[in-house]
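Survey of secondary and tertiary structure
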Amino acid sequence: MCSPSSQLSSSPFTSYIKQVEDVSEVVNILARESLTVIEFTARHCAHSPQIEKLAKEYLGNVVFLNVDVNDLAPFTATSNITGTPTFQFYRSSVLLSTFSAASLPANAHSPANLVPSIASLIKLFITKYNPGLNKITDDLAFSAQIPEEWVQKLGDVGFRTVIDLSMEGEKDHLSNEKDILKENGVEYTHFPITSINQLTPSTISQFTKYVQALPKPLLVHSRIGLHASILLLAFAAKEYHSTSQDIVDWARDFGYDYEGLPEGNE
């Protein structure tokens, strides 16, 4: 069963969701450590633009796949898919959860009702499997935006500096973070990044000067952690004379996928 608003829609797929037609490709992607969401749809039940928007929001932190239940019937059967749209959440080949429109009341199958439920599950699994800080060295770590109660404890666990890459007024931005950190003896530096386009050699060079000069241990964070991971891993690669492929591999170890990353906001 598909939502009435998405039936026979002509909305095209975007680069934010990968449509897969080969089982081996699906299996290889699911084996990654990054969180993967599979959207199972049928030919008569088109892809929702609101799901595309969600995929864009979590770009780099969550991999979104689309599987047509008719094209990959054997895989669909082994996945126990009984209706569409159905969403499954994987990490390292492990099925974490399944969510289907059929689980909602008959009058609540619209994308407006589906998307909040899917977003909540994504946040749950990101928090559960990336519970806090991704440590690169004893002095350097990065993360997504952390809640206020965690910010209050950063000094207690040894951090001396926090670099905040988020924009003021941005979703999940903690407006009083500087004050909280100051009360706990931690320095705060605001280095806002608006989009991936801003991550130029000049920006990386400026960021490097900050990291080299500021007291350590040091934490860098951004809204979902993507910008923070790129900048800090680029810094680490320069310090240790590593390659761009090393950065991609390191990022995947932390649950971030840089391959095929298009331009856009975090």
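Report follows, based on the coordinates. (Residues numbered from 1 in each chain as written. Predicted model: local features only at pLDDT ≥ 70, side-chain atom pairs only at ≥ 80, totals over all residues. Heavy atoms only, no water.)

**Some words on the sheet that holds strand E5 (residues 94-100)**
Strand order in the open sheet formed by 5 strands is E1-E3-E2-E4-E5, with mixed pairing between adjacent strands. Every interior strand has two partners, whereas the edge strands, strand E1 (18-19) and E5, have only one. Note that strand E2 (residues 35-41) and strand E3 (residues 62-68) share 7 bridges and pair parallel. Note that in E3 the partner of Thr36 across the bridge is Val63. Strand contacts of helix H1 (residues 23-30): E1, E2, E3 and strand E4 (86-91), with the helix running at about 150° to E2, the strand carrying the most contacts. (Pairing = 2+ DSSP bridges. Helix = DSSP H or I, 4+ residues; strand = E, 2+ residues; numbered from the N terminus. Contact = heavy atoms within 4.5 Å. Axes fitted to C-alpha atoms, helices over the stretch in contact; angles between N-to-C directions.)

**What about the side chain of His173?**
Looking at the element boundaries, His173 is found in the loop between strand E8 (161-164) and helix H6 (177-183). You can call His173 buried: its relative accessible area is 18%. For His173, the side chain forms a polar contact with the side chain of Ser166, separated by 2.8 Å. Every residue in contact with His173, bar those within four places of it in the chain, is listed here: Gln145, Asp164, Ser166, Met167 and Glu168. (Buried < 20%, exposed > 50% of the residue type's maximum accessible area, 1.4 Å probe, protein only. Polar contact = N/O pair within 3.5 Å; in protein donor to acceptor, adjacent residues only side chain to side chain.)

**A few points about the sheet that holds strand E9 (residues 187-190)**
Taken in spatial order, the 5 strands line up as E6-E7-E10-E8-E9 in an open sheet, and their pairing is mixed. Where the open sheet ends on each side, the last strands, each with one partner, are strand E6 (134-135) and E9. Bridge count between strand E7 (residues 140-144) and strand E10 (residues 218-222): 5 bridges; the pairing is parallel. Paired with Ala144 across the bridge in E10 is Ser222. The strands touched by helix H7 (residues 201-213) within the sheet are E7, E8, E9 and E10, with E8 carrying the most contacts at an inclination of about 165°. Its contacts with the sheet place helix H8 (residues 226-239) against E7 and E10, and it is angled at close to 165° to E7.

**Re the nonpolar core**
Counting 44 residues, the largest nonpolar core has Phe64, Phe89, Ile118, Ile122, Ile163 and Phe207 as the members making the most contacts within it. Counting residues per element, this core draws most heavily on helix H4 (residues 111-129), at 8 residues. When near neighbours in sequence (up to four residues on either side) are disregarded, Phe207 contacts Ile163, Phe191, Val220, Leu231, Leu232 and Phe235. With 15 residues, the next largest nonpolar core counts Val26, Leu30, Ala42 and Leu72 among its residues. (Core = buried A, V, L, I, M, F, W, Y, C linked by side-chain atoms within 4.5 Å.)

**A look at the packing of aromatic side chains**
Counting across every chain of the model gives 3 aromatic pairs. Where Phe40 meets Phe75, the ring centres are 6.0 Å apart and the plane angle is 20°; that geometry is what we call stacked. With Phe40 in strand E2 and Phe75 in helix H3 (residues 73-78), this residue pair connects regions lying 35 residues apart in the sequence. Classification of Phe75 by relative accessible area gives buried; the value is 10%. Three or more aromatic residues joined by ring pairs make a cluster, and in this case those are Phe191, Phe207 and Tyr210. (Phe/Tyr/Trp six-rings, centres within 6.5 Å; stacked < 30°, edge-to-face > 60°.)

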